[in-house]
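Summary of structural features
The lines below spell out each chain.
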Amino acid sequence: MEIIKIIFSIFNEMSFYLLLGFLFAGILHVLVPQQLFSKYLSKNNWVSVLYATLFGIPLPLCSCGVIPTAMALYKEGASKGSVISFLIATPQTGVDSIIATYSLLGLPFAIIRPVAAFFTSIFAGLVTNIFTLKENNVKVSVQKNKDNQKLSFNQKIKKVFQYGYVEMMEDIGKMLLFGLVIAGLIAYFVPDNFFTIFKGNTLLTMLLILVVAIPMYVCATGSIPIAIALMMKGMSPGTALVLLMAGPAANIASMMVIGKVLGKKTFIVYLITLIIGAICFGLFIDNFLPASWFDVSKFAMTAHNHNGGFYCFKVICSFILFALLVNSILFKKNREEAEIMENNSTNKIAFKINGMSCNHCKNNVTKVISNLKSVKDVIVNLSEGIAYVDGNPTDEEIKTAVEAIGFEFKGRI
């Protein structure tokens, strides 16, 4: 029962800010087309690295969704340096997670988190450019998206809410709930001041967190409750930042794709620069910034304060957010099946594609297949990992298209 109270108190503090963040994410998604990015990321210099970082920080892409997006940018001519910058900057932040960070960890963390992502991404991109200076960019010409009709104002508003409160929920809903559960378990089972066993050796703690965080899949928003739960057990704020940086920016799936598409050398640079950036900023926080900026004990007190109208407002927001999360998790498959039935045709060819895990994966697979001249239409079922294609493409065409952005082609069904 105590675990449920802890989870609810954290969820209650985040709910309003998450709803606001998802709304901003939808607005950003509708107003900023992905095609704009590749125009500025093709040069193998510091300017493309800067643009990639600035584009990536506010984008609401989850840890898995950033991979196909980055691979698509690479396919369209983005340099390896700019791709690595984008891969590090984007999953750590996002407008939704920045707002959620402010809700639980306060303004200093909400500022430092994107700043650390910015400089680490610039550093990683520049180092990548140096090590891949003699390599030529991959450039695959693609057609413009066939569905390029202008949306009316009402259609844009509908798309904002559809993306923010349906697609984004589907992408990170499970990870957010996972983070909340883990935070509750940590708060309940881990002894207070557990991290005092390291006797102030924050570097050792950071290395331990890196070993756990790098292979683990956790989104930028889902990592926040885990970080605050560990800080309440004595973990330093600098080490919490290491978790918030390394957890979302690296996981086994993304690392395998980076090594396969961008090469082992680029993968090693990506991992080393991410680790260096996370540790440097973590040590900077612990040694040079006031500890009072990162005091989470005030959260422990406010979590039990149930007085006032604002608390009732937060509870209402929590119920709304929970309903949206339940909707995204329980009815996602039903929506996909209805879409397939509605658009089903005996002329469609089914292809099995492995590696898709979110709506960004689905959208990127849809885009690269629909851009093939031999394809009239394509519908992707995310849950089953199947692309239903109307046209006469060869297996090799589909294989080349999907593997260029990091997915695995398994043939016709």
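Attention here is on the structure that accompanies the text. In this text the structure is predicted, and so the values were computed from the model without any measurement. Numbering of residues starts from 1 in each chain and follows the order in which that chain's sequence is written. Reporting of local features is limited, given that this is a predicted model, to residues whose pLDDT is at least 70; pairs of side-chain atoms are given and counted only at 80 or more, and all residues count toward the totals for whole chains, interfaces and linings. Side-chain figures throughout are based on the complete set of non-hydrogen atoms in the structure, without hydrogens or water.

Below, the discussion takes up the overall build of the protein chain. Within the protein chain, the secondary structure is distributed over 18 helices and four strands. Buried residues are those whose accessible area, probed at 1.4 Å on protein chains only, stays under 20% of the maximum for their type, while exposed residues exceed 50% and partly exposed ones sit between those limits. Burial statistics for the protein chain: of 413 residues in total, 54% are counted as buried. Only heavy atoms enter the contact rule, under which two residues are in contact if any of them lie within 4.5 Å. Contacts spanning at least 24 positions in sequence make up 83% of the contacts within the protein chain whose residues lie at least 6 apart. Carbon and sulfur atoms provide 65% of the accessible area of the protein chain, an area that totals close to 18800 Å². Each helix corresponds to a stretch of at least 4 residues labelled H or I by DSSP, and each strand to a stretch of at least 2 residues labelled E; elements are numbered beginning at the N terminus. Accessibility throughout is a Shrake-Rupley quantity obtained with a 1.4 Å probe, and a residue counts as covered only by protein chains that appear here.

Let us now look at the sheet that holds strand β2 (residues 375-381). Ordered in space as β2-β3-β1-β4, the four strands form an open sheet in which the pairing is antiparallel. At either margin of the open sheet sits one strand with a lone partner, and together these are β2 and β4 (408-412). Neighbouring strand axes in the sheet, compared pairwise and without regard to direction, differ in orientation by 25° on average. When DSSP locates at least two bridges between a pair of strands, those strands are taken to pair. Here strand β1 (residues 349-354) pairs with strand β3 (residues 386-391) via four bridges, running antiparallel. Paired with F351 across the bridge in β3 is A387. Across the face of the sheet, helix α17 (residues 359-370) comes into contact with β1, β2 and β3 while running at roughly 165° to β2. All axes here are fitted lines through C-alpha atoms, helices being fitted over the stretch that makes contact, and every angle between N-to-C directions spans 0 to 180 degrees. Along the sheet, helix α18 (residues 395-403) contacts β1 and β4; its crossing angle with β4, the most-contacted strand, is approximately 160°.

Sheet topology note: the β1/β4 ladder contains three bridges and is antiparallel. Bridge pairing in β4 links N354 to E408.

The next subject is the environment of G184. Here G184 shows up in helix α8 (residues 153-189). Residue G184 is classed as buried on the basis of its relative accessible area of 0%. Spatially, the C-alpha atom of G184 lies 8.6 Å from that of E2, the residues being 182 residues apart in sequence. If sequence neighbours within four positions are ignored, G184 has contacts with I3, I6 and I7.

What we call a nonpolar core is a set of buried Ala, Val, Leu, Ile, Met, Phe, Trp, Tyr and Cys residues that are connected through their side-chain atoms within 4.5 Å. Within the largest apolar cluster, 112 residues are counted, with the highest numbers of intra-cluster contacts made by M71, L87, L262, Y270, V365 and I369. For L87, the contacting residues outside a window of four places in its chain are V66, I67, A70, M71, A249, I258, L262 and Y270.

Turning next to the side chain of S370. Positionally, S370 belongs in helix α17. For this analysis, a polar contact is any N or O atom pair within 3.5 Å, provided that within protein one partner can donate a hydrogen and the other can accept it, and provided that sequence-adjacent residues contribute only side-chain to side-chain pairs. Among the polar contacts listed, one links the side chain of S370 to the backbone oxygen of T366, at a separation of 2.9 Å.

Throughout, disulfides are identified as pairs of cysteine sulfur atoms within 2.5 Å of each other. Inspection of every chain in the model, using the stated rule, returns zero disulfides. Unpaired in terms of disulfides, C358 finds its nearest cysteine sulfur in C361, a separation of 3.6 Å.

We now examine the pattern of salt bridges. Put simply, a salt bridge is a Lys or Arg side-chain nitrogen that is within 4 Å of an Asp or Glu carboxyl oxygen. By the definition in use, this model includes three salt bridges. For R412, the salt bridge is made with D395, and the minimal N-O distance between the two is 2.5 Å. Residue R412 is found in strand β4, and its partner D395 is found in helix α18; the two are separated by 17 residues along the sequence. By relative accessible area, which is 44% here, R412 ends up partly exposed. Classification of D395 as partly exposed rests on a relative accessible area of 30%. Between K410 and E408 there is a salt bridge, and its shortest N-O distance comes to 3.5 Å.

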